[in-house]
Amino acid sequence: ASFEPFPEEDLEQSVSHRFREQAARFPSRPAIMTRDGSWTYEALDAATDQIAAGLLESRGSLPEPIALLFDQEPDAVIAILGILKAGKFYVPLDPSLPPARLSRQIRSAAPGLIIAGQSHIPLAGALAEEGDVRLETVASLQRNTDISRPWVSPGPDSLAYVFYTSGSTGNPKGVMDNHRNVLHNVLRYTNNLRITPGDRLSLIQSPSFSGTVSSLFAALLNGAAICPFDVRQAGFTALASWVNDMAITVYHSVPTIFRGLVAGRQRFPHVRVIRLEGDQALPSDVDLYRQYFSPGCQLAIGLGATETGLSCQYILHKTDPIESNAVPVGYPTQDMSIAILDDQGADVGLMTAGEIAVRSRYLA
């Protein structure tokens with residue numbers, strides 16, 4: 001499939017509108033792929049219409065937060081798209097967190113309801129009872145719904161999600177982002193990595209990890225396939241064989257998971273782009289990339305935050321040298337301006353530590 005740039009004029013719409021366009025263009029292409037089965041764009045569009053109809057039937061058409069409690073699985077993707085189609089916004093929670101911390105996030109977000117995966121229904125039920133909210137599953141929302149209901153068309157300024165940060169700098173905070181910012185982040189990835197409808201993108205980390213947003217929507221807003229895999233449950237050995245069996249072309253994870261991927265010394269001939277983000281990449285990671293991936297494969301090192309999306313990127317080819325003992329994070333991406341500031345807010349000089357400041361129209 002040939003590459004089509006993501007145009008800036010497509011920022012002034014909703015994520016769900018752009019998805020509907022892809023479903024109309026590529027109805028028979030795979031949208032979600034797993035070892036157990038796949039969903040075409042047409043099937044995913046219909047399944048998520050059912051979720052949206054169920055939400056509109058039970059909750060009405062006003063914007064509100066909907067909490068999610070899922071492992072990395074197709075139902076999580078279906079729930080997210082259905083929520084956005086209903087004009088609401090999603091709040092993904094991490095099932096591995098202590099219940100007390102999840103309770104604080106439920107009280108903070110005050111969701112209209114919780115949608116849970118089958119394996120987390122007991123935990124979700126306890127949280128729902130404590131927060132006095134309803135519990136639903138994908139199946140229960142799809143049952144007995146009238147999908148002829150009028151659709152909600154959120155604008156680009158409408159909220160798309162709230163992600164809770166890790167809390168490494170204090171209390172976790174809920175970061176709110178709108179549809180335009182999500183689309184702009186997809187634009188940055190699409191155009192830098194030349195994502196096409198023929199690509200298959202990995203979706204490895206928990207849905208509560210904000211870095212998964214770019215993979216999910218860079219696939220589904222470009223006619224490509226998204227491939228969910230729960231690495232926490234399946235493990236690294238299974239991950240390596242899965243990447244090859246699914247013919248993943250764009251692989252994305254934090255560096256520690258990447259090291260687990262290559263620990264079995266397999267080669268990965270289908271992967272054309274490796275994205276390493278979320279933690280510091282090391283020169284040894286570059287060595288692993290050079291050793292186990294095809295000559296045309298690129299390594300994209302990214303720096304971003306929940307509040308900014310991708311702000312810096314450095315793309316390495318197999319023969320590019322690393323000039324120091326640190327792997328560069330590269331240069332500001334489109335429409336991102338970056339400064340390094342001292343305690344007084346002034347620019348610091350070269351080779352001086354400071355605080356990273358990002359300026360853009362597209363910030364949470």
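Residues numbered from 1 in each chain as written. Predicted model: local features only at pLDDT ≥ 70, side-chain atom pairs only at ≥ 80, totals over all residues. Heavy atoms only, no water.

Here we come to the overall build of the chain. Of regular secondary structure, the chain possesses twelve helices and 17 strands. Expressed along its principal axes, the backbone C-alpha trace of the chain runs to roughly 60 × 50 × 40 Å. Of all 364 residues assigned to the chain, the portion counted as buried reaches 53%. Partitioning the contacts of the chain with sequence separation of at least 6, the portion at a separation of at least 24 is 66%. Split by element, the accessible area of the chain, about 15,800 Å² in all, is 51% carbon and sulfur. (Helix = DSSP H or I, 4+ residues; strand = E, 2+ residues; numbered from the N terminus. Buried < 20%, exposed > 50% of the residue type's maximum accessible area, 1.4 Å probe, protein only. Contact = heavy atoms within 4.5 Å. Areas by Shrake-Rupley, 256 points an atom, 1.4 Å probe, with all protein chains shown as cover.)

It is worth spelling out the environment of Phe217 at this point. Mapped onto the secondary structure, Phe217 falls in helix H8 (residues 212–220). Of the residues examined, Phe217 reaches a relative accessible area of 2% and is grouped as buried. In this structure, the C-alpha to C-alpha distance between Phe217 and Ser140, residues 77 residues apart in sequence, is 25 Å.

Evaluation of the coordinates by the stated rule reveals nine aromatic pairs. With a centroid separation of 4.7 Å and an interplanar angle of 85°, the aromatic rings of Tyr161 and Phe163 are classed as edge-to-face. On the basis of relative accessible area, Tyr161 is assigned to the buried category, the value being 7%. Aromatic ring contacts, followed pair by pair, group Tyr251, Phe258, Phe268 and Phe293 into a single cluster. When the ring centre of Phe6 is taken as origin, the NZ or CZ atom of Arg18, which lies over that ring, is 4.1 Å away. (Phe/Tyr/Trp six-rings, centres within 6.5 Å; stacked < 30°, edge-to-face > 60°. Lys NZ or Arg CZ within 6 Å of the ring centre and 35° of its normal.)

One full turn of an α-helix is made of 3.6 residues, so residues set three or four places apart face in the same direction. In terms of residue burial, H8 counts as a mostly covered element, since nine of its nine residues are buried. All of the buried residues in H8 are Thr212, Val213, Ser214, Ser215, Leu216, Phe217, Ala218, Ala219 and Leu220.

Here the focus is the pairing of strand S3 (residues 65–69). With five of five residues buried, S3 lies mostly within the body of the structure. Of the two faces of S3, both are covered, the one formed by Pro65, Ala67 and Leu69 as well as the one formed by Ile66 and Leu68. As judged from the five bridges shared by S3 and strand S4 (residues 89–93), these two strands associate in the parallel manner. Paired with Leu68 across the strands is Pro92, a residue of S4. Sheet topology note: the S3/strand S5 (residues 113–116) ladder contains four bridges and is parallel. Residue pairing in the sheet places Ile66 in a bridge with Leu113 of S5. (Pairing = 2+ DSSP bridges.)

Glancing now at unusual backbone geometry. With a phi close to 55°, Arg194 is a non-glycine residue in the positive phi region. Its place among the elements puts Arg194 in the loop between helix H7 (179–193) and strand S9 (200–203). Non-glycine residue Met351 carries a positive phi angle of around 60°. Position of Met351 relative to the elements: it lies in the loop between strand S16 (337–341) and strand S17 (355–359).

Looking now at the state of the cysteines. Under the definition given, this model contains zero disulfides. Free cysteine Cys227: the closest other cysteine sulfur is in Cys297, separated by 16 Å. Among the residues examined, Cys227 registers a relative accessible area of 0% and is labelled buried. Overall, Cys297 belongs to the buried group, its relative accessible area being 1%. (Disulfide = S-S within 2.5 Å.)

What the rule picks out here adds up to 18 salt bridges. Between Lys85 and Asp45 there is a salt bridge, and its shortest N-O distance comes to 2.5 Å. Of this pair, Lys85 sits in helix H3 (residues 74–85) while Asp45 is found in helix H2 (residues 41–59), placing the two residues 40 residues apart along the sequence. When sorted by exposure, Lys85 lands in the same class as Asp45, which is buried. Relative accessible area serves as the criterion here: at 1%, Lys85 is assigned to the buried category. (Salt bridge = Lys/Arg side-chain N within 4 Å of Asp/Glu carboxyl O.)

Glancing now at H3. Between its terminal C-alpha atoms H3 stretches 17 Å, which fits the 16 Å expected from twelve residues at 1.5 Å a residue. Among the twelve residues of H3, eleven are classified as buried, and the element is accordingly described as predominantly covered. Those residues of H3 that fall on the buried side of the exposure criterion are Pro74, Ala76, Val77, Ile78, Ala79, Ile80, Leu81, Gly82, Ile83, Leu84 and Lys85. In the segment just after H3, Gly87 is the residue with positive phi, at about 75°. (Expected span 1.5 Å × (residues − 1).)

Turning our attention to the nonpolar core. Counting residues in each nonpolar core, the largest one holds 58 residues, and the members touching the most others are Tyr90, Ile115, Phe217 and Leu220. Here this core gets eight residues from one element, more than from any other, and that element is H3. Not counting residues up to four positions away in its chain, the partners in contact with Ile115 are Ile66, Ala67, Leu68, Leu69, Phe70, Ala79, Ile83, Glu136, Thr137, Val138 and Leu141. With 33 residues, the next largest nonpolar core counts Val243, Ile248, Leu261 and Leu299 among its residues. (Core = buried A, V, L, I, M, F, W, Y, C linked by side-chain atoms within 4.5 Å.)

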